[in-house]
Amino acid sequence: MSEMSRTLQIVSIQHELAMSIGLDLNLDNMLQLFLDRAKKRLSLRSAVVFKEAPRSKNDSDLLCYPYDHRLDDTNDWLSEQVYDFIQRELTNICRQRGDNFYYFFKIPKFGAISFERKFTPIDDIVVNALLPLFRRLAVSCQACLEHQNLVDEISNRKAVEEQLRMQTYQDVLTGLPNRKMLNINLQSLLTNAEDHGQYGAVFFIDLDRFKLINDTLGHSVGDELLINITSKLKGCVRRDDTLARVGGDEFILLLSDIGPTEQSAVAKATKVAEKMLGITRDSIELAHCAVFTSFSIGIALFPSPELNVKKTIAEQAKQLVKHADVAMYKIKHTSRNGYLFYRQELQIMSAFRSEVEQRLHVALREDAFELYFQPMVNVAGEVVAAEALLRWHDAKLGWVGPQDFIPVAEECGLIVDIGQWVLRQTCELITQHLDWFEQGTLRYISINISPRQFSQPHFVEQLLEIIEEFSFPHSYLRLEITEGVAMENITSAISIMKALIAHELFFMLDDFGSGYSSLSYLHRLPLKSVKIDRSFVSKIDQSTDNQVIVEAIIYISQHFSLECVVEGLETPEEYAYFHKKDVAAIQGFHFYKPLSRVGLVNTLE
């Protein structure tokens, strides 16, 4: 080869390798292109770039390009050679091993590069011609690293911004929009509703019994249930509808464009609500258990003449959510597992409920409650027991019925303190009139235990602590719980009941047969007696269906050695039916209406 041809060949190699440097800002891509061209133009067996020097002579875990560099015993030797080379003040060096020639070049402030050639060495002139390329390669590598750092910084910043956005507008557990995002969307819908001539709707969705599930089965099960329910709710709505989680067990759904008339909007909203209720007809299957729950749904339509147009859009949005909340509260405290459209009367009821809650605090503080007692009689009409009933006359509201204030007290948590007040008052009465019980005039006085009381973590301890303040046989006091309380979590209920039975505190199951499949569980509950729900007693002389049910309850009670108590008996005809039945006691207006404390004393003495 002539001197001219050789020079041209070297220049060509320099040019081609130089052109492969800096073509890509991705370090891996750029190095891979450079190595591929170097192997081709220099007839190399391998070409490897080491980003950093090994930490020791025995360190074979080199960060190198390409990443699929073969792993064999050559690597250990190569590692040692790179390490030695890096320590020396040399720009390049050649080592021969068998038939292979290894060339090491430094890439300033980056690392080193190794060329492996078999049988024939690289010409020294070519080696010297390559040296300027590695300085250029070093600059390009540094540029790639800086670019990658910038890209990473931007990506990290965007990730942080996205995380902040999610925290600001999304619920962490379910990924749904949160209340803040909901308000933005609702204000937008309200602004556009009248322009489009279409109705929309706000659904306030409450998951019934969630607190009990969360408390008894654990927060992990509660979280799993919420995620599961979220997925099912999404399947009930359109992609463009907004489903948000606004509380522990509360969701709000915004529906837009559901009809040009109120009638068509109601029909569409009803269809969606019924689809949602269908979700909970069967048990919800979770990873390690199945749970039963239901929805209470309040619905408010917009635009609505009941919205105050003088208010800002933000205030109207808040008012609309409140309307849906009011409707939800009403359905939750009447039947649950249903839906109700907001109407103006509900707002009046909501205002009354708010007033009741405020006055309840005052009543508890000022000891303004009263206990009344409804006697229970045997089939001969003789008083054998009594049930303590709470009554409340407020200075501002007048007489407030239990159906009005008990649900409010239950929801706001005051029922626990009120229940303890009832317990103390009843214990005090029993203590003052022990002769009633010792002489056989009364067998017991029963008190009602609310669902919230019963589910308190330290219910047993707190109840026993109060009773121990008084001196009387515990069997003189009975505890009434409803079927709903017992069936919510039967395992927990049995445990609580057995703990109190050990102290001779016995249980009565109130409202038996009122909507729960409790017959199959009756043999498991450690009960002393059951009270037949008044719905089966009313006009029983005219209803053969109710007679069959009552006869079955009496028979089952006998089979399980339970006392059977009839409640809500009001007419002579009803009494005539039960007169010769094997029941332990009868309670109702036919014999006695609830008596004041003085009235009970006068009756028994």
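Residues numbered from 1 in each chain as written. Predicted model: local features only at pLDDT ≥ 70, side-chain atom pairs only at ≥ 80, totals over all residues. Heavy atoms only, no water.

Before going further, it helps to examine the overall build of the chain. Along its length, the chain carries 21 helices and 22 strands. Since a compact globule built from 605 residues should have a radius of gyration of about 25 Å, the 41 Å found for the chain marks it as more spread out than a globular shape. Looking at the chain residue by residue over its 605 residues, the buried ones come to 47%. Summarising the internal contacts of the chain: among those between residues at least 6 apart in sequence, 66% fall at separations of at least 24. As presented, the chain carries roughly 30300 Å² of accessible surface, and 50% of it is formed by carbon and sulfur atoms. Side-chain charges of the chain comprise 62 positive and 81 negative groups, with the mean position of each set lying 9 Å from the other. (Helix = DSSP H or I, 4+ residues; strand = E, 2+ residues; numbered from the N terminus. Rg over C-alpha atoms; globule rule 2.2 N^0.38 Å. Buried < 20%, exposed > 50% of the residue type's maximum accessible area, 1.4 Å probe, protein only. Contact = heavy atoms within 4.5 Å. Areas by Shrake-Rupley, 256 points an atom, 1.4 Å probe, with all protein chains shown as cover. Lys, Arg positive; Asp, Glu negative; His and termini not counted. Charge placed at Lys NZ, Arg CZ, Asp CG, Glu CD.)

Take the nonpolar core next. Ranked by size, the top nonpolar core spans 82 residues in total, and within it Leu360, Phe454, Leu477 and Leu500 carry the most contacts. By residue number, the principal contributor to this core is helix H12 (residues 414-432), which donates ten residues. Residue contacts for leucine 500: discarding those within four places in its chain leaves Phe459, Val460, Leu463, Leu464, Leu479, Leu505 and Phe507. Counting 35 residues, the second-largest nonpolar core is a separate cluster that includes Phe203, Phe210, Ile284 and Ile299. (Core = buried A, V, L, I, M, F, W, Y, C linked by side-chain atoms within 4.5 Å.)

A few words now on helix H11 (residues 402-412). For H11, the set of buried residues is Phe405, Val408, Ala409 and Glu410. Positive backbone phi, at 90°, marks glycine 413, one or two positions downstream of H11.

All right, on to the packing of aromatic side chains then. This model, assessed by the stated rule, comprises 15 aromatic pairs. Seen from their ring centres, tyrosine 577 and phenylalanine 578 are 5.1 Å apart, and the 90° between their planes marks the pair as edge-to-face. Summarising the burial analysis for this pair, tyrosine 577 and phenylalanine 578 share the class buried. Following the ring pairs from residue to residue traces out a cluster consisting of Phe34, Phe105, Phe115 and Phe134. The aromatic ring of tyrosine 444 is capped on one face by arginine 478, whose charged end is 3.9 Å from the ring centroid. Over the ring of phenylalanine 589 we find lysine 593; its NZ or CZ atom is 5.7 Å from the centre of that ring. (Phe/Tyr/Trp six-rings, centres within 6.5 Å; stacked < 30°, edge-to-face > 60°. Lys NZ or Arg CZ within 6 Å of the ring centre and 35° of its normal.)

As a further point, take the packing of helix H15 (residues 459-467) against helix H17 (residues 490-501). Contact geometry of H15 with H17 gives a least axis separation of 10 Å together with a crossing angle of 25°. Accordingly, the angle class assigned to the pair H15 and H17 is roughly parallel. The two elements H15 and H17 cross, and the hand of that crossing is right-handed. Note on element contacts: H17 touches H15 through Ile496, Ala499 and Leu500, opposite Phe459, Val460, Leu463 and Leu464. Within the contact of H15 with H17, the residues separate by chemical class into seven nonpolar, no polar and no charged. (Axes fitted to C-alpha atoms, helices over the stretch in contact; angles between N-to-C directions. Parallel < 35°, antiparallel > 145°, perpendicular 65-115°, else oblique. Left-handed = near helix turned anticlockwise from the far one by under 90°. Nonpolar A, V, L, I, M, F, W, Y, C, P; charged D, E, K, R; others polar.)

Glancing now at the environment of leucine 277. By secondary structure assignment, the location of leucine 277 is in helix H8 (residues 262-277). A relative accessible area of 11% means that leucine 277 is categorised as buried. Through-space distance from the C-alpha of leucine 277 to that of isoleucine 496 is 32 Å; in sequence the pair is 219 residues apart. The residues contacting leucine 277, other than those within four sequence positions of it, are Phe295, Ile297, Asn337, Gly338 and Tyr339.

With that settled, the discussion passes to the sheet that holds strand S11 (residues 295-302). Judged by pairing direction, the sheet is mixed, and its five strands sit side by side in the order S7-S8-S6-S11-S12 without closing on themselves. Strands with a single pairing partner mark the edges of an open sheet, and in this sheet they are strand S7 (242-245) and strand S12 (338-341). For this sheet, the mean angle separating the axes of adjacent strands, direction not counted, is 20°. As paired elements, S7 and strand S8 (residues 250-255) share four bridges and run antiparallel to each other. Across the sheet, threonine 242 pairs through a bridge with leucine 254, a residue of S8. (Pairing = 2+ DSSP bridges.)

For the rest of this paragraph, the subject is helix H6 (residues 210-217). Here H6 has its buried residues at Phe210, Ile213 and Asn214. Buried residues of H6, seen end-on, are gathered within an arc of 95° and therefore sit on one face of the element. Of the surrounding secondary structure, the elements contacted by the buried residues of H6 are strand S6 (200-207), helix H7 (219-234) and strand S10 (290-291). Taken from the residues just after H6, glycine 218 is the one with a positive phi, measuring 105°. (Arc of directions from axis to C-beta.)

A separate point is unusual backbone geometry. Cis peptide bonds are those with omega within 30 degrees of zero, and the linkage from phenylalanine 302 to proline 303 qualifies with 0°. Within the secondary structure, proline 303 sits in the loop between S11 and helix H9 (313-332). For lysine 109, which is not glycine, the phi torsion reads 60° and is therefore positive. Within the secondary structure layout, lysine 109 lies in the loop between strand S4 (100-107) and strand S5 (111-118). Judged by relative accessible area, which is 83%, lysine 109 ranks as exposed.

Here the focus is the pattern of salt bridges. Taken as a whole and assessed by the stated rule, the structure comprises 17 salt bridges. One salt bridge connects arginine 41 with glutamate 16, and the closest N-O pair in it is separated by 2.5 Å. Of the two residues, arginine 41 sits in helix H2 (residues 27-41) while glutamate 16 sits in helix H1 (residues 3-19), which places them 25 residues apart along the sequence. Overall, glutamate 16 belongs to the partly exposed group, its relative accessible area being 25%. (Salt bridge = Lys/Arg side-chain N within 4 Å of Asp/Glu carboxyl O.)

Here we take up the environment of serine 294. Mapping serine 294 onto the fold places it in the loop between S10 and S11. In this structure serine 294 comes out as buried when scored by relative accessible area, which is 6%. Between the C-alpha atoms of serine 294 and asparagine 337, which are 43 residues apart in sequence, the distance is 5.1 Å. Sequence-distant contacts of serine 294, that is, excluding residues within four places in its chain, are made with Asp206, Leu207, Asp208, Arg209, Thr280 and Asn337. Engagement of the side chain of serine 294 in a polar contact is seen with the side chain of aspartate 208, the distance being 2.7 Å. (Polar contact = N/O pair within 3.5 Å; in protein donor to acceptor, adjacent residues only side chain to side chain.)

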